[in-house]
Amino acid sequence: MRIFVTGASGWIGSAVTAELLGAGHQVVGLARSDAAAATVANLGAEVRRGTLDDLDALRAGAADSDGVVHLGYNHDFSRMADATRTDLAAITALGETLAGSDRPLLIASGVAGLPGNPATERDFADPVGHPRMANAQAALAFAERGVRSGVIRFAPTVHGDGDHGFVSVLVGVARERGVSAYIGEGGSWPAVHRLDAAALVRLALDKAPAASVLHAVAEQGVPTREIAGAIGRGLDLPVKSIPAEEAAAHFGWIGAFFGLDSHASSDATRELLGWTPTHPGLLADLDAGSYLRR
């Protein structure tokens, strides 16, 4: 298939692009900058210049494809409402372009904030408190308009060599503070290796039926105190608990995320697609040292 990928130069998107190319698909990657365009081209994909605000570019990319993977998102936490509106407009433009074609449209979402212990593919969060969840519902609704739409909910930690996300930030905080901390008794973070997540996207394009909700989760919940312990071992720093009321001062913005106690299952996804994660878990990645060498 010829697949149009937004966010193709990003952490997950570049792995998805490589996975699809390796499986024999053609990939057209949306690129908003020269650097992003170079990344997409170096992966071996075709470049389409544009941004998530450029709805004409999105429509053209979707019209010229056999399917769409929408991974692009503005993760500026100071403008979350704007990011949600931009995302909804992009999903709408892509879905309307594909309407009546039975072509796939997969969009990215997350498992953080879902009810259920563990949260399953059947659980949905209140869209009032989680507006990006409403965008996922909008994507699923295109199944009624002849689109093989689906939502892939990623674990909050998509890890691997080169990750500059949440875990990398925690390593930076530990270096700065001279201690690797966790909050209270500690919670849990679901996790998935980046390459396992990319394999799931490929399988979903091939096999997921319309209105599928899929979980890119390899580990239901990695204890945050064990994450802190692995960081402490790697940096030769003490490990300690800090009270919840001190989390913001100690961790900054990431304290709100590291204080979560989230568990998520991917049993239904594995059964539906035959997806079996094979890459190292989060603690193994930390112990391997790639996060600590940066």
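Our structure's up above, just so we're on the same page.
Keep in mind that what you see is a predicted model, and the values were worked out from it rather than measured.

Draft legend 1. Focus on unusual backbone geometry. A cis geometry characterises the amide bond from Asn117 onward to Pro118, with omega recorded as 5°. Structurally, the position occupied by Pro118 is in the loop between β5 (104-110) and α5 (131-141). Phi is positive for Asp102, close to 60°, though the residue is something other than glycine. Checked against the element boundaries, Asp102 lands in the loop between α4 (80-98) and β5. Although it is not a glycine, Asp236 sits at a positive phi angle of roughly 55°. Take Asp236: it is sitting in the loop between α8 (224-235) and β12 (239-242). By relative accessible area, Asp236 is classed as exposed at 71%.

Draft legend 2. Here's a closer look at helix α7 (residues 194-207). Look at α7: 20 Å from first C-alpha to last across 14 residues, which is about the 20 Å you get at 1.5 Å a residue. With respect to burial, α7 is a largely interior element, 10 of its 14 residues being buried. Within the span of α7, buried status applies to Arg194, Asp196, Ala197, Ala198, Ala199, Leu200, Val201, Leu203, Ala204 and Leu205.

Draft legend 3. Examining the pairing of strand β4 (residues 67-70) more closely. Judged by which residues are buried, β4 turns out to be covered on both faces: Gly67 and Val69 on one side and Val68 and His70 on the other are all buried. As paired elements, strand β1 (residues 2-6) and β4 share 4 bridges and run parallel to each other. Within the sheet, the bridge partner assigned to Thr6 lies in β4 and is His70. Two elements, β4 and β5, share 3 bridges in a ladder whose sense is parallel. Within the sheet, the bridge partner assigned to Val69 lies in β5 and is Leu106.

Draft legend 4. Structural context of the sheet that holds strand β3 (residues 46-49). In space, the 7 strands of this open sheet follow the order β3-β2-β1-β4-β5-β6-β10, with parallel pairing throughout. Sheet topology places β3 and β10 (212-216) at the edges, where each strand pairs with a single neighbour. On average, each strand axis in the sheet is tilted by 20° relative to the strand beside it, whichever way the strands run.

Draft legend 5. Quick look at the sheet that holds strand β7 (residues 157-159). Strand order in this open sheet of 3 strands is β7-β9-β11, and the pairing throughout is mixed. For this open sheet the edge positions go to β7 and β11 (219-223), each flanked by a neighbour on one side alone. The average undirected angle you get between the axes of adjacent strands in this sheet is 45°. In this sheet, β11 lies alongside strand β9 (residues 188-193) in antiparallel orientation, the contact comprising 3 bridges. Its bridge partner lying in β11, Ala191 is registered against Glu219. Along the sheet face, α7 touches β7 and β9 and points at about 70° away from the line of β9.

Draft legend 6. Summary view of the pattern of salt bridges. What the rule picks out here adds up to 8 salt bridges. Across the pair Glu46 and Arg2 runs a salt bridge whose closest N-O atoms are separated by 3.2 Å. Separated by 44 residues along the polypeptide, Glu46 in strand β3 and Arg2 in strand β1 bring together distant segments of the chain. On the accessibility criterion, Glu46 (39% relative accessible area) is partly exposed. Here Asp56 ties to Arg59 by a salt bridge, and the two come within 3.1 Å at their closest N and O atoms. With Asp56 and Arg59 both in helix α3 (residues 55-63) and 3 residues apart, this pair spans about one turn of that helix. Overall, the relative accessible area of 34% leaves Arg59 in the partly exposed class. Residues participating in the shared-partner salt-bridge network are Arg2, Glu46, Arg48 and Asp64.

Draft legend 7. Fine view of helix α6 (residues 166-177). For α6, with 12 residues, the first-to-last C-alpha span of 16 Å sits near the 16 Å given by 1.5 Å per residue. Every buried residue of α6 is listed here: Phe166, Val167, Ser168, Leu170, Val171, Val173 and Ala174. Of the residues one or two after α6, Gly178 is the one with positive phi, at around 75°.

Draft legend 8. Seen up close, the packing of α6 against α8. Two elements in contact, α6 and α8, have axes separated by 10 Å at closest approach and are oriented at 55°. Here α6 lies oblique to α8, going by the angle between them. Handedness of the crossing formed by α6 with α8: right-handed. Mapping the contact onto sequence places Leu170, Val171, Ala174 and Arg175 in α6 and Ile227, Ile231 and Leu235 in α8.

Calculation rules
- Residues numbered from 1 in each chain as written.
- Predicted model: local features only at pLDDT ≥ 70, side-chain atom pairs only at ≥ 80, totals over all residues.
- Heavy atoms only, no water.
- Helix = DSSP H or I, 4+ residues; strand = E, 2+ residues; numbered from the N terminus.
- Buried < 20%, exposed > 50% of the residue type's maximum accessible area, 1.4 Å probe, protein only.
- Expected span 1.5 Å × (residues − 1).
- Pairing = 2+ DSSP bridges.
- Axes fitted to C-alpha atoms, helices over the stretch in contact; angles between N-to-C directions.
- Contact = heavy atoms within 4.5 Å.
- Salt bridge = Lys/Arg side-chain N within 4 Å of Asp/Glu carboxyl O.
- Parallel < 35°, antiparallel > 145°, perpendicular 65-115°, else oblique.
- Left-handed = near helix turned anticlockwise from the far one by under 90°.

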